[in-house]
Amino acid sequence: MVALLLGHAIGTAAPAMALAQRVPAAASDLWSSQARPQKNNQLPPQVSDWIRQASALEDKGANREALTLQQKAVNWLRANSQQGDATAAGILHGFGRLLWMNDKPVEALGPVAEAVALRRRLMGISSDAAADLAVSLRLQATLYAALGRRQDVLPPIQEAVAIHRRVAERDSSLTVQLAHSLNILGLIYSALDRPAEALPPTIEAVKIRRSLAIKDPDEMANLAHALNDLGNRYGELGRLEDALATYLETVQILRRMAPANPASPSVLAGTLDNLVTVYRELGRPSQALPLSLETIQLHRRLAGTDPTTQSRLGDALHQLGLIHREMGHPSDALPAQVEAISIYRRLSAVSTENLDGLASTLNNQGNCLSDLGRHEAALPPSQEAAKIYRGLAERDSIFQKDLALSLTNLALRFSALGRDAESVSPSLEAVALYRSLAKGNPSVREELAGALVNLGSYYSRLDREQEAIPPTVEAVTIVRKLAAETPQVRGNLALALNNLGAYHGDSGDPSKALPFFQEAVAMYRQLLVTESAYLASLASSLINLGISLSQLGRHSEALPATTEAVQIYRQLAARDPAFQEGLDRALNRLHQIHRQLGRPEEALPSTEPSLSLQGSSLLPSRRRHPIGVEEWSCLGG
């Protein structure tokens, strides 16, 4: 059974929380009517004391003790069945809510369903019954969400909103209840992967909370919560600038509240987490960094007084590692990752809830170590991440995508060590997982294409070009469709086209290879108008284009493409010595073309005295495309 997930920040490493854990109930969910017995049917003093004491204990966070007292009230109710419906409904609703607060949603369903039935029966008798029914319906929807009952969750919360809208028109004091029900409706739509429908009720809730906060400053905390949820909804829709503005307003409110509100540091830390994520998603990690450091300080203080918040500290440290890596400083990411892994290991020893965070951080630790060229050290964390995600995916299909990503990275780790034969198995498994996921979720198509491209590259390195072609053809088909919808993926299309051309060329068919290289070169030129990062890829494809043209006897056409590649690599190597190998290979090709054109005197420019040539073959290996095949790095974050 899969619990519905919601309230998550886009792009975070930590898993989203179930609705039952994420959404605080409004005050009326507590005891609004359980102490409101029918006329001439007052509760015995002892039962009233149990209920009042339970309420006081819950206010202090002592939910277990509160449940014990509320259980006594329920036991009394069962033994005194002559009590009126309003009294019974109030006690049962309070009992169900406390069961939920004690992580017992299954046990809570029964008493809450009883409360709903009783309050529905009272609708025609009491004007209070409609508002009370809406509160119980809202709690019922929350329980369904926590239990993953997707088919049951919408009707009760939709009815609750409709009721609260009606009663708020007659009694403005109930407007706050309408806002809360709208918030929950938005969260549930989000959990059902219907973000477009989640936005309107969330916007309406913010509007109500804002008007209430103008009249009553005590409502500012609820406004901050509503704004944070609105930021989440914008993020789910990809409206990152709107999300950023909303989170910034939330943070501003929470900073003002901090001196007078002891709870605000925890809420502030959570909102800062979301703000950091948005800055990262916008490609602005330098602005995310100071906020991430502040968040970690807040989480450290909170964890010092409440050990149950340790996992959030681990999440914040993991995010700090991601920021350092995105800023091009993978070595700075490692200390934060090591501390996060230590926290997650300690927590995972007593509960499986933090295994996801552990696996995610291990995966990204492997990425950073690989970035630093420490390929041997990168392999064990990547292997452990895949192992953990495999176990999680066996218990809950929601982790299948994480497993596929970790297997993709594991294959990259093996490949970096020259162990391409060991890359094939995890790559095949990743392809199978992504293919299955893409059937029900088209947004996974890009990841599927990436896994197919990488599989092709591993086959090619094992001299299995005929096996490399089919997955790469499929990848090109997928990404070509995606590029028509989302131009941002054109870089991946160019990469796949380049690789497909290389496989045809290595299979001895340059006429088939040529159009793919031509299209890849044209696409890289278009991309370079706005993004200089594709310069090296253009040079690689130009060399491949020149090779194919030469193999077809079109040496004069190969010359300008290869000359341009040399010029690009010379420019790149001047800034980064890592490109010297590419420059040497490009010069080798240029020399060979000059010889094929009968102009050996132009083969070696005098400006490259360090180049060493041996024998008649100027290629560094038997391969016809020594620079051409690239892996699609699906590294995650």
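Caption draft 1: Here's a closer look at the overall build of the protein. Broken down by element type, the protein carries 27 helices and two strands. The 637 residues of the protein split such that 56% are buried. Considering only contacts in the protein between residues 6 or more positions apart, those separated by 24 or more positions represent 64%. Of the roughly 27,400 Å² of accessible surface on the protein, a fraction of 52% belongs to carbon and sulfur atoms.

Caption draft 2: Region of interest: the side chain of Glu58. Relative to the helices and strands, Glu58 resides in helix α3 (residues 45-59). A relative accessible area of 10% means that Glu58 is categorised as buried. Reaching out from Glu58, the side chain makes a polar contact with the side chain of Arg97 at a distance of 2.2 Å.

Caption draft 3: Region of the structure containing the packing of aromatic side chains. Per the counting criterion, the structure on display carries one aromatic pair. Between Tyr524 and Tyr534 the ring centres are 5.9 Å apart and the planes differ by 35 degrees, which places this aromatic pair in the tilted class. Here Tyr534 lies in the loop between α24 (510-528) and α25 (535-551) and Tyr524 lies in helix α24, a separation of 10 residues in the sequence. Given the relative accessible area of 1%, Tyr524 is considered buried.

Caption draft 4: The nonpolar core, seen in detail. Membership of the largest hydrophobic core comes to 124 residues, with the highest contact counts inside it found for Leu275 and Tyr434. With nine residues, the top contributor of residues to this core is helix α26 (residues 555-575). Beyond its immediate sequence surroundings of up to four residues, Tyr434 is in contact with Lys401, Ala404, Leu405, Thr408, Val444, Glu447, Leu448 and Ala451. Ala54, Leu139, Leu143 and Leu192 belong to the second-largest nonpolar core, a separate cluster that totals 55 residues.

Caption draft 5: Molecular detail of the pattern of salt bridges. For the structure shown, the criterion picks out 30 salt bridges. Put simply, Arg194 and Glu197 hold a salt bridge, and the shortest N to O gap is 2.6 Å. Look at Arg194 and you get partly exposed, because its relative accessible area is 31%.

Caption draft 6: Main features of unusual backbone geometry. Of note, the phi angle at Asp193 is positive, near 60 degrees, even though the residue is not glycine. Looking at Asp193, the relative accessible area reads 61%, which means it is exposed. You will see that Asp463, though not glycine, has its phi angle at about 60 degrees, which is positive. With respect to the helices and strands, Asp463 occurs in the loop between α21 (445-461) and α22 (465-485).

Caption draft 7: Here's a closer look at the environment of Leu403. Turning to its location among the elements, Leu403 is positioned in helix α19 (residues 400-416). Leu403 gets classed as buried once you look at its relative accessible area, which sits at 4%. Put simply, Leu403 and Ile388 are 15 residues apart on the chain and 8.4 Å apart in space, counted from C-alpha to C-alpha. Apart from the residues lying within four places of it in its own chain, the contact partners of Leu403 are Ala386, Tyr389, Arg390, Ala393, Glu429 and Leu433.

Caption draft 8: Structural context of helix α14 (residues 285-305). Its 21 residues give α14 an end-to-end C-alpha distance of 30 Å, which sits within 8% of 30 Å, the value for a rise of 1.5 Å per residue. The complete set of buried residues in α14 reads Pro285, Ala288, Leu289, Leu291, Ser292, Thr295, Ile296, Leu298, His299, Leu302 and Ala303. Among the structural elements, α12 (240-257), α13 (264-281) and α15 (310-326) are those in contact with the buried residues of α14.

Caption draft 9: Summary view of the packing of α22 against helix α23 (residues 490-506). Closest axis-to-axis distance for the α22/α23 pair is 9 Å, and the angle between their directions is 155 degrees. Looking at the two axes, α22 sits roughly antiparallel to α23. In this structure, α22 meets α23 at a crossing whose hand is left-handed. Packed against α22, whose contacting residues are Glu465, Ala468, Ile469, Thr472, Val473, Val476, Val479, Arg480 and Ala483, the element α23 presents Arg490, Asn492, Leu493, Ala496, Leu497, Asn499, Leu500, Tyr503, His504 and Asp506 at the interface.

Caption draft 10: The packing of α19 against α21, seen in detail. Here α19 crosses α21 at 25 degrees, and the two axes come no closer than 11 Å. Here α19 is positioned roughly parallel relative to α21, judged by the angle of their axes. Judged by the twist between their axes, the crossing of α19 over α21 is left-handed. On α21, the residues that touch Lys401, Thr408, Ala411, Leu412 and Ser415 of α19 are Glu447, Asn454, Tyr458 and Arg461. Of the residues belonging to the contact of α19 with α21, the class tally is three nonpolar, three polar and three charged.

Caption draft 11: Spotlight on helix α5 (residues 85-101). Here α5 spans 24 Å end to end across 17 residues, near enough to the 24 Å set by a 1.5 Å rise per residue. Of all the 17 residues making up α5, 15 are buried; the element is thus mostly covered by neighbouring parts of the structure.

Criteria and cut-off values
- Residues numbered from 1 in each chain as written.
- Predicted model: local features only at pLDDT ≥ 70, side-chain atom pairs only at ≥ 80, totals over all residues.
- Heavy atoms only, no water.
- Helix = DSSP H or I, 4+ residues; strand = E, 2+ residues; numbered from the N terminus.
- Buried < 20%, exposed > 50% of the residue type's maximum accessible area, 1.4 Å probe, protein only.
- Contact = heavy atoms within 4.5 Å.
- Areas by Shrake-Rupley, 256 points an atom, 1.4 Å probe, with all protein chains shown as cover.
- Polar contact = N/O pair within 3.5 Å; in protein donor to acceptor, adjacent residues only side chain to side chain.
- Phe/Tyr/Trp six-rings, centres within 6.5 Å; stacked < 30°, edge-to-face > 60°.
- Core = buried A, V, L, I, M, F, W, Y, C linked by side-chain atoms within 4.5 Å.
- Salt bridge = Lys/Arg side-chain N within 4 Å of Asp/Glu carboxyl O.
- Expected span 1.5 Å × (residues − 1).
- Axes fitted to C-alpha atoms, helices over the stretch in contact; angles between N-to-C directions.
- Parallel < 35°, antiparallel > 145°, perpendicular 65-115°, else oblique.
- Left-handed = near helix turned anticlockwise from the far one by under 90°.
- Nonpolar A, V, L, I, M, F, W, Y, C, P; charged D, E, K, R; others polar.

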